[in-house]
Amino acid sequence: MKPIHIIVISTLIHVAASCGTGHPNPSDGTTVDVTVTADATSETSIRNTTASPANGIDEVAVKQKMNQIIESENNNVSDTDSADIWNHPLAEMPEPTVALPLKWHKTYSKEFNDSNYVHWAAAERIGIIPLSDTRSHWQLRRPLVKIVSCADFYVEPLTHSRPYLVPEAALMLHEIGRRFNDTLRVRGGGDYRIKVTSVLRTPESVSRLRRSNRNAVDSSVHQLGTTVDISYARFAADSRRIARSAVDLKAILAEVLDAMRSEGRCYVKYEHKQPCFHITVRNQE
């Protein structure tokens, strides 16, 4: 079974406190799987957080799915993210590369052109209210999940966002990573993971980012915790075995996103200035 990292929280303050006090575990050759934070009075924060019925969310199903993952992957626990073996890919993608057999022959910008309005409408149904001040950190209408580097994906050091998503978006991200890995393995292999470049933003971080990135509009859907950016120009290489090009890996990722978009799992926008796929989870009714 592949490892997965999940930290379920009811407020950002809880996570900040818990993540700041851990100490690295000695390396014993085992794979770090799951980290779950819980407050002093609950089994886990997700079990005590409910969504507004008006959102049309099957909260019970979401909780059951998250709890299944937690229970099935809860054998090994890491105290800090920095001790994780998945946080240290190669500094550069290796060369020379070997070509992959590809099935993607479409135009990226034409196929992945879901507008910001579509992303925002989907995000409003299951996302959080944008974090505006300290009080809002304590009064989230949905639980947030901290995402950390794992076998499914690599979270690069974030400068304008924080690694938190609503549970549905976290599950979507893990599935994208798993499908990417499975497809790559079937096509001939290579030790690569998708690279997450942006996650949850605040209005303040969006304002700062707009100075250098025109994609970061004021109504950035990243503020709702439903959206993630995945690079198509850079991938995390974990070894020099069977070197692949970013162009070929981009096509593999596009195949995965195209399939999940067709299944009604997400909306996707192909960004140009910042080379990434902008992905928002959809509520499956």
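Keep in mind the model is a prediction, meaning the values are calculated, not measured. (Residues numbered from 1 in each chain as written. Predicted model: local features only at pLDDT ≥ 70, side-chain atom pairs only at ≥ 80, totals over all residues. Heavy atoms only, no water.)

K.L.:
Could you give me a rundown of the pattern of salt bridges, with the residues and numbers involved?
P.N.:
Pairing between side chains becomes possible if they bear opposite charge and their charged atoms approach one another. Across all of its chains, the model carries 13 salt bridges by this definition. Between Glu-263 and Arg-179 there is a salt bridge; the shortest N-O distance is 2.9 Å. Of the two residues, Glu-263 sits in the loop between α8 (246–262) and β8 (266–270) while Arg-179 sits in helix α6 (residues 167–186), which places them 84 residues apart along the sequence. Take Glu-263: its relative accessible area is 42%, and that puts it in the partly exposed class. Linking Arg-185 and Asp-182 is a salt bridge whose minimum nitrogen-to-oxygen distance equals 2.4 Å. (Salt bridge = Lys/Arg side-chain N within 4 Å of Asp/Glu carboxyl O. Helix = DSSP H or I, 4+ residues; strand = E, 2+ residues; numbered from the N terminus. Buried < 20%, exposed > 50% of the residue type's maximum accessible area, 1.4 Å probe, protein only.)

K.L.:
Pulling in residues and values, what's your account of the nonpolar core?
P.N.:
Within the largest apolar cluster, 50 residues are counted, with the highest numbers of intra-cluster contacts made by Ile-176, Phe-277 and Ile-279. Here this core takes nine residues from α8, the largest share from any one element. (Core = buried A, V, L, I, M, F, W, Y, C linked by side-chain atoms within 4.5 Å.)

K.L.:
How would you summarise the pairing of strand β6 (residues 227–231) if you had to cite specific residues and measurements?
P.N.:
With respect to burial, β6 is a largely interior element, five of its five residues being buried. Alignment of strand β5 (residues 192–198) against β6, held across two bridges, turns out to be antiparallel. Note on β6: the bridge partner recorded for Val-196 is Ile-230. Here five bridges tie β6 to strand β9 (residues 276–281), and the two strands are oriented antiparallel to one another. (Pairing = 2+ DSSP bridges.)

K.L.:
Quick one: what's the story with the packing of α6 against α8, residue by residue and with numbers?
P.N.:
Interhelical geometry of α6 versus α8 gives an angle of 130° and a closest axis separation of 9 Å. With respect to each other, α6 and α8 are oriented oblique. Regarding α6 and α8, the two cross each other, and that crossing is right-handed. Along the contact surface, α6 presents Met-172, Glu-175, Ile-176, Arg-179, Phe-180, Thr-183 and Leu-184, while α8 presents Leu-249, Ile-252, Leu-253, Glu-255, Val-256, Leu-257, Ala-259 and Met-260. (Axes fitted to C-alpha atoms, helices over the stretch in contact; angles between N-to-C directions. Parallel < 35°, antiparallel > 145°, perpendicular 65-115°, else oblique. Left-handed = near helix turned anticlockwise from the far one by under 90°. Contact = heavy atoms within 4.5 Å.)

K.L.:
Talk me through the environment of Arg-141; I want residue IDs and the actual numbers.
P.N.:
One can find Arg-141 in the loop between α5 (134–138) and β2 (144–146). Of the residues examined, Arg-141 reaches a relative accessible area of 26% and is grouped as partly exposed. Considering only alpha carbons, one finds Arg-141 and Ile-126, 15 residues apart in sequence, at a separation of 9.3 Å. Here Glu-124 takes part through its backbone oxygen, which lies 2.7 Å from a polar atom of the side chain of Arg-141. At 2.6 Å, the side chain of Arg-141 and the backbone oxygen of Gly-127 are in polar contact. (Polar contact = N/O pair within 3.5 Å; in protein donor to acceptor, adjacent residues only side chain to side chain.)

K.L.:
Break down the pairing of β9 for me, with residues and values.
P.N.:
Most of β9 sits out of view: six of its six residues are buried. Every second residue of β9 is oriented toward a common face, with Cys-276, His-278 and Thr-280 on one face and Phe-277, Ile-279 and Val-281 on the other, all of them buried. Strand direction decides the pairing type here: β8 and β9, joined by five bridges, are antiparallel. Looking across to β9, one finds that Lys-269 is bridged to His-278.

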